[in-house]
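What follows is each chain in one-letter form.
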Amino acid sequence: MKTRFTLLLILLFTLHAFAQDKTISGIVTSAEDNMPVPGVNVIVQGTIRGVSTDFDGGYSINVNKGEILEFSSLGFKTVEIQIQDQTTVNISLEPDIASLDEVVVIGYGTQKKRDLTGAIASVDAESIEKTPTANVMQSLQGKLPGVQIVSAGAPGESPTVRIRGLGSFNSGDTKVLYVVDGAFYDNIDFLNTKDIKSVNVLKDASSSAIFGVRAANGVVIIETKSGRLNSKPQIEYDGYTGIQHAQNVVKMANSEQFVTWVNESGSTADISFIDNAMQRYGRSRVNPNVPNVNTDWYDEILRNGIIQNHSISGTGGGENVSYAMGLNYFSQEGILDMKNEYERFNIRSKVDANLTDRIKVGVNSVFSNATQYKPENGAWFKAYFAVPIIPVIDEMNTDASPVRYSNAQLLGYRGTQNPFSDLTYFNNRFKIRKILANVYTEIDFIKNKLKFRTSYSHNFSALEERRVIQPYSLGNNVDRISEIKRENNTFSNQYWDNTLTFKDTFGDHDLTLLAGHSYRDEANNKFNATGQDIRGISLESSQFLDFADPESFNNKVEEIGKRFYGLSYFGRVAYSFKNRYLAYGTIRHEISSKFTKDNSDTFLGLGLGWVLTEENFMKDNGVFDFFKIRGSWGQLGNDNVDASSGANTIDVVFTDFGDQQFTGFTSTSVFNDLVWEFVEELNFGINATTFNNRLSIDADYFIRDTKRAIFPITIPVVDVTLNQNAGTIQNRGLELSLNWSDKISDDFSYTIGANFNTIKNEVTRIDNEQGYIDTGSAEFRQRTILGNPVQTFFGLERVGVYQNQAQVDADPFAANHPEANLQPGDLIYKDQNGDGFINGDDRVILGSFLPKFAYGGNIGMSYKNFDFSLSFYGQGGNKILNRKRGEIIFTNDTNIDADLAVNRWHGEGTSNSYPSSEGIRKSWNQQLSEFWIEDGDFFRIQNIQLAYNISGKSLGTNMPDARIYLTAERPFTTFKYNGFTPEVNNGVDRQTYPIPAIYTLGINLKI
């Protein structure tokens, strides 16, 4: 790597040496009054070389032929001038209404920011690049109101993205649509953050309706960096490396706490296991009543992981062709101490060519080759439960091989508990290869008015899974034979889009009309097989199915294939009168082969806007520089759902006739045709700027209904659960974003931003007899009830803990529940219906895994060559089921977390929240209640970056511009939940991969 980096620097310096400097000077004035403008930033685009205009608006700067000078100042539109043979460049700056003439990429086109009537939020490339991550969406966390990003800690895993809540019962049906340079994807793990130019999120149905049935859960439009015509080649290297460190590690009971817990439980068996441990491993010298072993299992299985990213790109263009090309290498080790890592290599190219002054063609392509070694997540589960009184290695366990790992069964415990067998003998490799290509042709039939565009994109992905289990023994007859599972998934998705766009301005009228046609062909094939007893399994060359025992394949071979077609026709009109009154409308008709019933539908979107500051009564109002109110309504479909639901079942039955028993069969057939879910949304918003455009305000209120929502409905007669279009889910909320920017002097400027959103998820209709839907296991029930969020936690309300026997005797529940054998240290539940009994009728909603609110913010400062940024993020109102702690109800001869060990009830007044060690083993205290449900609120310092910029001119005539930066990602998170992280995708934490803090050092070089 060092040699490669040295050669790269030599290449950069050599190319830079060929550049020829020339001095450009001039004066910058205001177009309004022709007065000089001091303090204007004059920067060579793509570099950090720049100057500021003096008091008289004058400047002088050295540039190279072909480079672009960028003139920018707060309150004025940015001007770009390409340098050829000029020596003097005078500039007249136009006033800028908070960059409202900035063009935003929308569906099948662009629109001025000031003309938008829907809820569209944007993030620039600079904000995205600050996050060290393999996935672009992770960098959006906390930056946009209404966009929830649930982090994934494992290397190469994509975060969960939810836009404006959860609109489907099954979270797998809520995939976001990604549009990258006009091509469609449901996953963007192939993108490098350095290749991104802009990200626009279409949050409301009106904005997304143009995309039809794939856009029900929101649309993320990404534009990658392009080259420029008539510009010199620009080469850029960006790289960073750093470490990942587990934070907020769960504290488990140590040996002394564990022994105390067991002794208080009164369990004769568990106490004998401790005696067995002392006989096997000796007694502690500190406390002779404790075994001489004190294993911190989380400390044993965790490690620091290395993360690194290296990118090199080149952009430029000639008279008719522009190009952007790049290479990227990303590598990330997991913090679980096994073969757990992710590595990706990307090649990207983007070429646009003007064949004539009316015909333009282009090709975008990405080749991505990634290898991911997934964690064996059972290790997290075992590390939580493994008792601290056994070591990692037990040399006395001579029956264990090839490594003498300890086995808790040798002390009498039911499980082996040691997680190192999972870490050592399991290997989960995924190879992910993607070839993504998009080609287009644009024809201007009427120059700058009537344009036809046709584009074809093909997304081909091959995913190869290989899961290897090496043979091993842990003693006590725990033997595992070798096993291999191989699975191949191929995806071939093709899209062909054609649009005809008319744009014109006549008088005070601006009009854009679009008509389009879209065709899609999506195919998937999956084949998997599992074999056992592999010959030569230790050699990678033998880790194939043909080395397996042929008889081991029985019922372990499967192949599944799917293919869907879609055809769409769509149109759009955007109208503006005097830049004051805005109207927007879309229509899309969808036809899909996926559904046999009602396989076509039409979706509409409408939007209206009013720019009040263009009215005479609002001009020169002294408060707002810009103020717009807008409203929109739209419809969308969601076809990320199965086309049908049902099954044929045959059951064996026995019956007696006379004295003889007969065997028979019953056949049950249930089936239901499904249709896509239907989303309808209202959105009201404002956009405003004030304080001379330094403060921008964006606010939205929305009501989004998912009609025909697919719920699992139980058919009473045959007792079969069937998915049906049987309900409505509503999400509604408020979104607010504030951003302030100011320049104090030529040397110092700063920005401050904040965002906040609320979200209320509610089921407003369920079409079944019960009026509710149960999910989860019987022990950990989740229930969807009319008027409440989807899949809420449902159990008993805890009101305290019995402190003494007198309190137990005085409670009528004790008399009504003699089977519970209530005693001090047991939980007290609330009798909701006042009938004197505690049973299922007393269960209530204990909370939802969906947050009720979220917030984020950022601070940025720039002083001379230094710049500093800090961002934060938090959420609240959600609950988490601590399922890993709850596993004690199935097996209670395991360890406990330190929080429970310290805060348990162990005498009068010691706790009014936690049961005793003896009590937690009773079924009374094991019922789902508030004891098992915890708050998911958290606050996090999301990102801190400090950078120093070095102009190549200051080091010598042939040196590149450089930027050196230090980044801390997620350095601090605070929360009350007793787990690694409160970011739990579905709110049920059984074995969640920790979210690490990341610290990196990076450098950027440009020539």
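Keep in mind it's a predicted model, so treat the numbers as computed, not measured. (Residues numbered from 1 in each chain as written. Predicted model: local features only at pLDDT ≥ 70, side-chain atom pairs only at ≥ 80, totals over all residues. Heavy atoms only, no water.)

Observations regarding the sheet that holds strand β14 (residues 183-185)
Spelled out, the test is: One requirement defines pairing of two strands: DSSP has to find at least two bridges between them. Here a strand is any run of E in DSSP of at least two residues, a helix any run of H or I of at least four, and the numbering for each starts at the N terminus. Helix axes are fitted only over the stretch in contact, all axes being lines through C-alpha atoms; the angle between N-to-C directions runs from 0 to 180 degrees.
Spatial ordering of the open sheet is given by β10-β15-β16-β13-β14, a layout of five strands whose pairing is mixed. Two strands close off the open sheet at either side, each with one partner strand: β10 (120-124) and β14. For this sheet, the mean angle separating the axes of adjacent strands, direction not counted, is 20 degrees. Relative to β14, strand β13 (residues 177-180) runs antiparallel, the two being bridged by three bridges. In the sheet register, Tyr 178 faces β14, and the bridge partner there is Tyr 185.

Section: a nonpolar patch on the surface
For clarity, the cut-off: Residues form patches when they are more than 30% accessible in relative terms and have no salt bridge. Like charges link within 9 Å. Nonpolar side chains (Val, Leu, Ile, Met, Phe, Trp, Tyr) link within 5 Å. For accessible areas, the Shrake-Rupley method is used with a probe of radius 1.4 Å. Any residue's cover is judged against the shown protein chains and nothing else. Any carboxyl oxygen of Asp or Glu that lies within 4 Å of a side-chain nitrogen of Lys or Arg is treated as forming a salt bridge with it. Only protein chains enter the accessibility calculation, which uses a 1.4 Å probe; a residue whose area is less than 20% of its type maximum is buried, one above 50% is exposed, and one in between is partly exposed.
A cluster of nonpolar residues, Tyr 863, Phe 866, Leu 946, Tyr 948, Ile 964, Leu 966 and Leu 1001, forms a patch on the protein surface that exposes about 650 Å² of accessible area. Counting residues per element, the ones that place at least two in the nonpolar patch are β50 (938-950) and β51 (961-975). Structurally, Phe 866 is set in strand β47 (residues 866-876). Overall, Phe 866 belongs to the partly exposed group, its relative accessible area being 41%.

Let's talk about the pairing of strand β36 (residues 695-715)
Where strand β35 (residues 677-690) lies against β36, 13 bridges are found, and the strand directions are antiparallel. Residue pairing for β36: Asn 687 is matched across the bridge by Asp 698. Counting the residues that bridge the hairpin from β35 to β36 gives four residues, and of these Phe 691 lies at a positive phi of roughly 50 degrees. Across 19 bridges, the pairing between β36 and strand β37 (residues 720-743) is antiparallel. Each bridged residue has a counterpart across the sheet, and for Ile 715 the counterpart in β37 is Val 720.

Examining the environment of Lys 112
Position of Lys 112 among the secondary structure elements: in strand β9 (residues 109-112). As a C-alpha pair, Lys 112 and Glu 102 span 10 residues in sequence and 5.6 Å in three-dimensional space.

Considerations on the packing of aromatic side chains
Worth spelling out the cut-off: Between the rings of Phe, Tyr and Trp (Trp by its six-membered ring), a pair exists once the centres lie within 6.5 Å; its type follows the angle of the planes, with under 30 degrees stacked, over 60 edge-to-face, and the other angles tilted. Cation placement over rings: the criterion is NZ of Lys or CZ of Arg within 6 Å of the ring centroid and within 35° of the ring normal.
By the definition in use, this model includes 34 aromatic pairs. Their ring planes at 10 degrees and their centres at 6.2 Å tell us that Phe 577 and Tyr 581 sit as a pair that is stacked. Tyr 581 sits in the partly exposed class, given a relative accessible area of 35%. Ring-pair connections join several aromatic residues into one group, and the members of that group are Tyr 108, Phe 184, Phe 211, Tyr 495 and Phe 570. The residue whose ring lies beneath Lys 374 is Phe 430, and the NZ or CZ to ring-centre distance is 4.3 Å. The lysine or arginine in question, Lys 594, covers the ring of Phe 564, its NZ or CZ lying 5.1 Å from the ring centre.

Side note on the nonpolar core
For clarity, the threshold we go by: As used in this record, nonpolar core signifies buried Ala, Val, Leu, Ile, Met, Phe, Trp, Tyr and Cys residues forming a set joined through side-chain atoms within 4.5 Å.
The biggest cluster of nonpolar side chains holds 78 residues, and the ones touching the most others in it are Tyr 298, Ile 301, Leu 302, Trp 380, Tyr 413 and Trp 932. Secondary-structure elements contributing two or more residues to this core are α4 (255-265), α5 (268-281), α6 (297-301), α7 (378-385), α8 (420-425), β25 (472-475), β44 (827-829) and α12 (898-903). Among the elements that take part in this core, α7 stands out by supplying six residues, more than any other. Counting residues in hydrophobic clusters, the runner-up holds 26 residues, among them Met 137, Ile 188, Val 220 and Ile 222.

Notes on the environment of Phe 345
Our working rule: Contacts between residues were defined by any pair of non-hydrogen atoms, one from each residue, lying within 4.5 Å.
Structurally, the position occupied by Phe 345 is in strand β20 (residues 341-354). When its relative accessible area of 35% is taken as the criterion, Phe 345 is described as partly exposed. Spatially, the C-alpha atom of Phe 345 lies 58 Å from that of Phe 617, the residues being 272 residues apart in sequence. Discounting chain neighbours no more than four positions away, the residues touching Phe 345 are Leu 327, Asn 328, Phe 367, Ser 368 and Asn 369.

Some points on unusual backbone geometry
Cis geometry marks the peptide bond from Ser 401 to Pro 402; its omega dihedral reads 0 degrees. Despite not being glycine, Tyr 108 shows a phi value in the positive range, around 55 degrees. In this fold, Tyr 108 is placed in the loop between β8 (103-106) and β9. A relative accessible area of 18% means that Tyr 108 is categorised as buried. You will see that Arg 164, though not glycine, has its phi angle at about 60 degrees, which is positive. By the secondary structure assignment, Arg 164 is in the loop between β12 (160-163) and β13.

Considerations on α7
Summarising burial for α7: six of the eight residues are buried, a large majority. Buried within α7 we find Ala 379, Trp 380, Phe 381, Ala 383, Tyr 384 and Phe 385. Next to the buried residues of α7 lie α6, α8 and α11 (883-886).

These figures come from the coordinates and say nothing about function on their own.
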